[in-house]
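Letter by letter, the chains look like this.
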Amino acid sequence: MLTTTKETIGICLFELPEKDQAVIQRVVTFGASQGKHYSLQTDITYADIVITLDEIEIPDNTAINIRIGESDLPYDILLQRPLLVTRVMRAIDDAAQLLRSRPAITETTLPVAPETPIATVAVPENTTEQPESYRYTALVVDDSAAIRKQLEIELRHAHIAADFAETGEEALEKSAQKQYDLIFLDVIMPGIDGYEVCRKMRSSKTMKKTPIIMLSGKTSPLDEVQGVIAGASTYLTKPVQHEQFQQTLKRVSKWLTNFAH
């Protein structure tokens, strides 16, 4: 079984202008001072993360791809201009978290050389085309691109299709337009928080029994109580662990089966 966990994460700045490289180099240097093990790589073959411009095609690789600007090309994380240090740092941290959180994949599933990070094909969010084998559709609400991508991978493994929202307002709009089988809802988001979103969803007649799984980095019992009061079905702590997530999905699938009957 292969793994994505690495002590040092290599970053390749692929065909970036010197000005962009300088900003990202400052972020990597600052990260090192904070105990983050990032290193710049000149060869894309050995990179765990590749940062490139939106219009540049990159060779087939197994790295997390951060694209700068709006892009129709495949990517894992989109980094908007201007390249502020805090914005770049967030994108790299999200990429590192995504790299570490990817479920282990067997060599028969994806043949790669040992010590090479495992890649997933970037699927555009909110796609309308879903495989027929998917039994349920979930709405994932989180402002972190890394968390959205991680849950997309986890749900795909469980044969559950997914749509995505970055804010509570967007989540309410999407849930009003489409009936979802289950909701994954972050607690802390820009605008209205997850508790308020949960309460508003529960006020809808069509969502009285929809499983709503709250996501939060907090572990206080009080936070879980707040989620229950708001109408949450259960609670997951971030970063989400693969085994814990899949166990929760099995439990939720039983609820959905019972609701169907």
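Residues numbered from 1 in each chain as written. Predicted model: local features only at pLDDT ≥ 70, side-chain atom pairs only at ≥ 80, totals over all residues. Heavy atoms only, no water.

1. Some thoughts on the UniProt feature "modified residue: 4-aspartylphosphate" (unreviewed entry) in the chain
So, point 1. Summarizing the sequence annotation, UniProt attributes the feature "modified residue: 4-aspartylphosphate" (unreviewed entry) to Asp186 in the numbering used throughout.
So, point 2. Mapped onto the secondary structure, Asp186 falls in strand β8 (residues 182-186). (UniProt positions renumbered as here; feature names shortened; annotations may be inferred. Helix = DSSP H or I, 4+ residues; strand = E, 2+ residues; numbered from the N terminus.)

2. Describing helix α6 (residues 221-230)
So, point 1. Among the residues making up α6, those that are buried are Asp223, Gly227 and Ala230. Projected down its long axis, α6 carries its buried residues within an arc of 65°, all on one side. Facing away from the buried side of α6 by more than 90 degrees, the exposed set consists of Pro221, Leu222, Val228 and Ile229.
So, point 2. Buried-residue contacts for α6 involve α5 (194-202) and β10 (234-237). (Buried < 20%, exposed > 50% of the residue type's maximum accessible area, 1.4 Å probe, protein only. Arc of directions from axis to C-beta. Contact = heavy atoms within 4.5 Å.)

3. Observations concerning the side chain of Thr137
So, point 1. Residue placement: Thr137 occurs in strand β6 (residues 136-141).
So, point 2. Setting aside chain neighbours within four positions, we find Thr137 in contact with Ile160, Ala161, Lys178, Tyr180, Asp181 and Leu182.

4. Details of the packing of helix α1 (residues 18-33) against helix α2 (residues 85-101)
So, point 1. Across the interface, α1 lies against α2 with an axial gap of 9 Å and an inter-helix angle of 65°. The angle between α1 and α2 falls in the class roughly perpendicular. When you trace α1 past α2, the crossing you get is right-handed. Each of Val23, Ile24, Val27 and Phe30 in α1 lies in contact with α2, whose residues at this interface are Val85, Val88, Met89 and Ile92.
So, point 2. Residue composition of the contact of α1 with α2, by class: eight nonpolar, no polar and no charged. (Axes fitted to C-alpha atoms, helices over the stretch in contact; angles between N-to-C directions. Parallel < 35°, antiparallel > 145°, perpendicular 65-115°, else oblique. Left-handed = near helix turned anticlockwise from the far one by under 90°. Nonpolar A, V, L, I, M, F, W, Y, C, P; charged D, E, K, R; others polar.)

5. Quick notes on the sheet that holds strand β9 (residues 212-216)
Backbone hydrogen bonds hold the strands of a sheet together, and the pairing may be parallel or antiparallel.
So, point 1. Overall, parallel pairing links the five strands, which are arranged β7-β6-β8-β9-β10 in an open sheet. What marks the edges here is a single partner per strand, and that holds for β7 (160-165) and β10. The average angle at which neighbouring strand axes cross in this sheet is 20°, direction not considered.
So, point 2. Direction of pairing for β8 relative to β9: parallel, over a ladder of four bridges. By the bridge assignment for β9, Asp186 is matched with Leu215.
So, point 3. Sheet contacts for α5: β6, β8, β9 and β10; angle to β9, the most-contacted strand, approximately 175°. (Pairing = 2+ DSSP bridges.)

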